[in-house]
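Structural overview for review
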Amino acid sequence: MIIQCASLAFWVPLEIYQIETFGHPTWLILLRFKNIIAFALGKREAWHLNTPAMFEDSWDAAHITAWNFLPSLLRHIGATPLWVVHLLYALWFAALLALLFTSVQLMCAARRCNNKE
């Protein structure tokens, strides 16, 4: 599950550009986690994870230099009013809370059902 979530953190071509520059063999999953940590700490340039090819296409550069999460992308590109970005963050947070609440309720119901048997 952690690897699946990590695969969604950035746009897919990020590692493709890096592999073309760094060469093979490349441990793709480890590179993804390194990208996540470097991006979160603001160390992509210091850790030499940026490649010239990443910035040749402005569309790719806009997506590669932001989290692959709709509110983050909209905020990064700057074409959307900030209130819309904040609204999307609130909706995602509310959906996450609802999912968490529902999961807890299902686990409690499953425990009650198992105790009756």
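Residues numbered from 1 in each chain as written. Predicted model: local features only at pLDDT ≥ 70, side-chain atom pairs only at ≥ 80, totals over all residues. Heavy atoms only, no water.

**A short note on the pattern of salt bridges**
- Scanning all chains against the criterion turns up 1 salt bridge.
- A salt bridge links Glu15 to Arg32; the nearest nitrogen and oxygen atoms lie 2.5 Å apart. A residue pair is termed long-range when its members are at least 10 positions apart, and Glu15 in helix α2 (residues 13-22) and Arg32 in helix α3 (residues 28-41) qualify at 17 residues. (Salt bridge = Lys/Arg side-chain N within 4 Å of Asp/Glu carboxyl O. Helix = DSSP H or I, 4+ residues; strand = E, 2+ residues; numbered from the N terminus.)

**Focus on unusual backbone geometry**
- One non-glycine residue with positive phi stands out, namely His48, at about 60 degrees.
- For His48, the position within the fold is in the loop between α3 and α4 (58-64).
- A relative accessible area of 60% means that His48 is categorised as exposed. (Buried < 20%, exposed > 50% of the residue type's maximum accessible area, 1.4 Å probe, protein only.)

**A word on the packing of aromatic side chains**
- With the rule as written, the count across this model stands at 5 aromatic pairs.
- Aromatic side chains Phe39 and Trp67 sit 4.7 Å apart centroid to centroid with 85 degrees between the ring planes, which places their arrangement in the edge-to-face category. Pair noted here: Phe39 is in helix α3 and Trp67 is in the loop between α4 and α5 (70-77), with a separation of 28 residues, a long-range link.
- A relative accessible area of 21% means that Phe39 is categorised as partly exposed.
- Trp67 gets classed as partly exposed once you look at its relative accessible area, which sits at 29%.
- Connected via pairs of aromatic rings, a cluster forms that spans Phe10, Phe39 and Trp67.
- A cation over an aromatic ring shows up here: Arg44 above the ring of Phe10, its NZ or CZ 5.9 Å from the ring centre. (Phe/Tyr/Trp six-rings, centres within 6.5 Å; stacked < 30°, edge-to-face > 60°. Lys NZ or Arg CZ within 6 Å of the ring centre and 35° of its normal.)

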